[in-house]
Amino acid sequence: MGNLSTPKSVQKLQKALHAKAKAEAGYRFYAMYDKISREDILVHAYAQCRSNKGAPGVDGQEFADIEAYGVQRWLGELALALRQETYRPAPIRRVFIPKANGKLRPLGISTLRDRVCMTAAMLVLEPIFEADLPSEQYAYRPGRNAQQAVVEVEALMFRGHPEVVDADLADYFGSIPHAELLKSVARRIVDRRVLHLIKMWLECSVEETDDRGRKKRTTEARDNRRGIPQGAPISPLLANLYMRRFVLGWKMLGLERSLGSRIVTYADDRVPRTHRRKEVRCCARDGGRSSGAGRQGQAPNHRKLRRSRAVVVSVAEKAGHDPVRCGSERRAKANR
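1. A look at the overall build of the protein
Consideration 1: Within the protein, the regular secondary structure consists of 16 helices and eight strands.
Consideration 2: In the protein, which comprises 336 residues, the share counted as buried stands at 47%.
Consideration 3: In the protein, 73% of the contacts between residues at least 6 apart in sequence involve partners at least 24 apart.
Consideration 4: In the form shown here, the protein has an accessible surface area of approximately 16900 Å², with 49% of it arising from carbon and sulfur atoms.

Given below as structure tokens:
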């Protein structure tokens, strides 16, 4: 986040956690909750949130208010609430922002207190789960971006995969089931207090303001037991962790080999690259259920796909190049 340098003490902890997770794929971390309330973790989490600015949550508190109150005092009170396990997240303020297609995207704005706490948790948990994420996932990861995903898709055009299925999952963040997501977290994190913390964030109530200025709170996430708030600092990590199930399921069930396909994912966009377009398109549309990926619980199953986006397109077109010219270059290289 931004150009903030991570304190050496935080770097040391993150490197140790990542190294342990990388070295032992089956290792489960027990004592993690106390690290979230560490002073250096919270101070850096606050600095990251401060650099991102952002609007206030339901309590209306802004960074200027915290600085007037005293940042160290404010962080000390948050640390104490975490240690005494009296911390409870506030409702999320929901606003709607316009999308390129003219529709509106719901955005959840947590209070600054909750954003700092989530960021602190992310600083501790991300190095562990980063060690587990497959190379096919490009979103919300250190040192990775959308441009690299496009380059990877384009490069495979020259390695026998000239067609792609562009699959955009509908309402991915809003439809992730809590039970399965928490199972994915618990595969690595055993500390019940950390799991409880994440569960509280997942079940936060939502506050909306109508055209007349009237406020209404709902508990849809808790009632439906699904969905993670878009805009929360912890959500990208959780979304990646759940998408990992689909990528691993695609491989474990042999679809990569049997369909001659490769996958690249960015957030809720997944691109199976193939030379067998019909079979891959069918698997992409049903989330892998026709092949058994959904039944095995290794894919984000029962997701709805926008069928208009599940279309076969040229990799060259996706990369913004002339498909005729690129196709000619590919054939020329093959004939050399």
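2. Examining the environment of Asp-210
Consideration 1: As for its position among the elements, Asp-210 is in the loop between strand E4 (206-209) and strand E5 (215-218).
Consideration 2: With a relative accessible area of 32%, Asp-210 lands in the partly exposed category.
Consideration 3: Here Arg-214 takes part through its backbone nitrogen, which lies 2.7 Å from a polar atom of the side chain of Asp-210.

3. Thoughts on the packing of aromatic side chains
Consideration 1: For the structure on display, the rule yields four aromatic pairs.
Consideration 2: With a centroid separation of 4.9 Å and 85° between ring planes, the pair formed by Tyr-27 and Phe-29 is classed as edge-to-face.
Consideration 3: Taken together through their ring pairs, the aromatic side chains of Tyr-46, Phe-63 and Trp-74 make up a single cluster.
Consideration 4: When the ring centre of Tyr-27 is taken as origin, the NZ or CZ atom of Lys-20, which lies over that ring, is 4.6 Å away.
Consideration 5: Above the plane of the ring of Tyr-138 lies Arg-144, whose end atom (NZ or CZ) is 4.5 Å from the centre.

4. Focus on the pattern of salt bridges
Consideration 1: Per the counting criterion, the structure on display carries 15 salt bridges.
Consideration 2: Between Arg-217 and Glu-207 there is a salt bridge, with the nearest N and O atoms lying 2.8 Å from each other. Highlighted residues: Arg-217 in strand E5 and Glu-207 in strand E4, separated in sequence by 10 residues.
Consideration 3: The exposure class assigned to Arg-217 is exposed, which follows from its relative accessible area of 52%.
Consideration 4: Residue Glu-207 is classed as buried on the basis of its relative accessible area of 6%.

5. Quick word on the pairing of strand E1 (residues 92-98)
Consideration 1: Across two bridges, the pairing between E1 and E4 is parallel. The residue bridging Arg-93 from the neighbouring strand is Glu-207, located in E4.
Consideration 2: Bridging between E1 and strand E2 (residues 104-109) involves six bridges; their strand directions are antiparallel. Across the sheet, the residue bridging to Arg-93 is Ile-109, located in E2.
Consideration 3: Linking two consecutive strands that pair antiparallel, namely E1 and E2, is a turn of five residues; a positive phi of about 95° is found at Gly-102 within it.

6. Here we look at helix H9 (residues 178-186)
Consideration 1: Those residues of H9 that sit buried are His-178, Leu-181, Leu-182, Ser-184, Val-185 and Ala-186.
Consideration 2: Looking at the buried residues of H9, the elements they touch are helix H6 (112-130), helix H10 (192-202), helix H11 (220-224) and helix H12 (235-252).

7. Examining the sheet that holds E5
The strands making up a sheet associate through hydrogen bonds between their backbones, and the pairing can be parallel or antiparallel.
Consideration 1: With mixed pairing, four strands are arranged side by side in an open sheet as E2-E1-E4-E5. Either end of the sheet is taken by a strand with one partner, and the two such strands are E2 and E5. If you compare each strand with its neighbour and ignore which way they point, the axes differ by 35° on average.

8. Some words on the nonpolar core
One broad rule of soluble globular proteins: the nonpolar side chains tend to lie buried together.
Consideration 1: One finds Leu-82, Tyr-87, Val-116, Ile-189, Ile-198 and Trp-201 to be the most contacted residues of the largest nonpolar core, which totals 63 residues.
Consideration 2: At 12 residues, H6 tops the list of elements feeding residues into this core.
Consideration 3: If we ignore the near neighbours within four places in the chain, the residues touching Ile-189 are Phe-29, Met-32, Leu-125, Ile-128, Phe-129, Val-194 and Leu-195.

9. Concerning H10
Consideration 1: Taken as a whole, H10 has its buried residues at Val-194, Leu-197, Ile-198, Met-200, Trp-201 and Leu-202.
Consideration 2: Close packing links the buried residues of H10 with helix H2 (33-36), helix H5 (71-83), H6, H9, H11 and H12.
Consideration 3: Of the residues that open H10, the one with a side-chain oxygen 3.0 Å from the backbone nitrogen of Arg-193 is Asp-191.

10. Re the packing of H9 against H10
Consideration 1: Running from amino to carboxyl end, H9 crosses H10 at an angle of 150°, the nearest separation of the two axes being 11 Å. With respect to their mutual orientation, H9 and H10 come out roughly antiparallel. Here the hand of the crossing between H9 and H10 comes out right-handed. Side by side, H9 and H10 meet where His-178, Leu-181, Leu-182, Val-185 and Ala-186 of the first sit next to Leu-195, Ile-198, Lys-199 and Leu-202 of the second.
Consideration 2: Tallied by class, the residues present in the contact of H9 with H10 amount to seven nonpolar, one polar and one charged.

11. Some words on unusual backbone geometry
Consideration 1: The phi dihedral of Lys-53 is positive, around 60°, even though this residue is not glycine.
Consideration 2: Along the chain, the position of Lys-53 falls in the loop between helix H3 (39-52) and helix H4 (63-69).
Consideration 3: On the accessibility criterion, Lys-53 (59% relative accessible area) is exposed.
Consideration 4: In the Ramachandran plot, Glu-85 falls in the positive-phi region, its phi being about 60° despite a non-glycine side chain.
Consideration 5: Among the structural elements, Glu-85 can be located in the loop between H5 and E1.

Calculation notes
- Residues numbered from 1 in each chain as written.
- Predicted model: local features only at pLDDT ≥ 70, side-chain atom pairs only at ≥ 80, totals over all residues.
- Heavy atoms only, no water.
- Helix = DSSP H or I, 4+ residues; strand = E, 2+ residues; numbered from the N terminus.
- Buried < 20%, exposed > 50% of the residue type's maximum accessible area, 1.4 Å probe, protein only.
- Contact = heavy atoms within 4.5 Å.
- Areas by Shrake-Rupley, 256 points an atom, 1.4 Å probe, with all protein chains shown as cover.
- Polar contact = N/O pair within 3.5 Å; in protein donor to acceptor, adjacent residues only side chain to side chain.
- Phe/Tyr/Trp six-rings, centres within 6.5 Å; stacked < 30°, edge-to-face > 60°.
- Lys NZ or Arg CZ within 6 Å of the ring centre and 35° of its normal.
- Salt bridge = Lys/Arg side-chain N within 4 Å of Asp/Glu carboxyl O.
- Pairing = 2+ DSSP bridges.
- Axes fitted to C-alpha atoms, helices over the stretch in contact; angles between N-to-C directions.
- Core = buried A, V, L, I, M, F, W, Y, C linked by side-chain atoms within 4.5 Å.
- Parallel < 35°, antiparallel > 145°, perpendicular 65-115°, else oblique.
- Left-handed = near helix turned anticlockwise from the far one by under 90°.
- Nonpolar A, V, L, I, M, F, W, Y, C, P; charged D, E, K, R; others polar.

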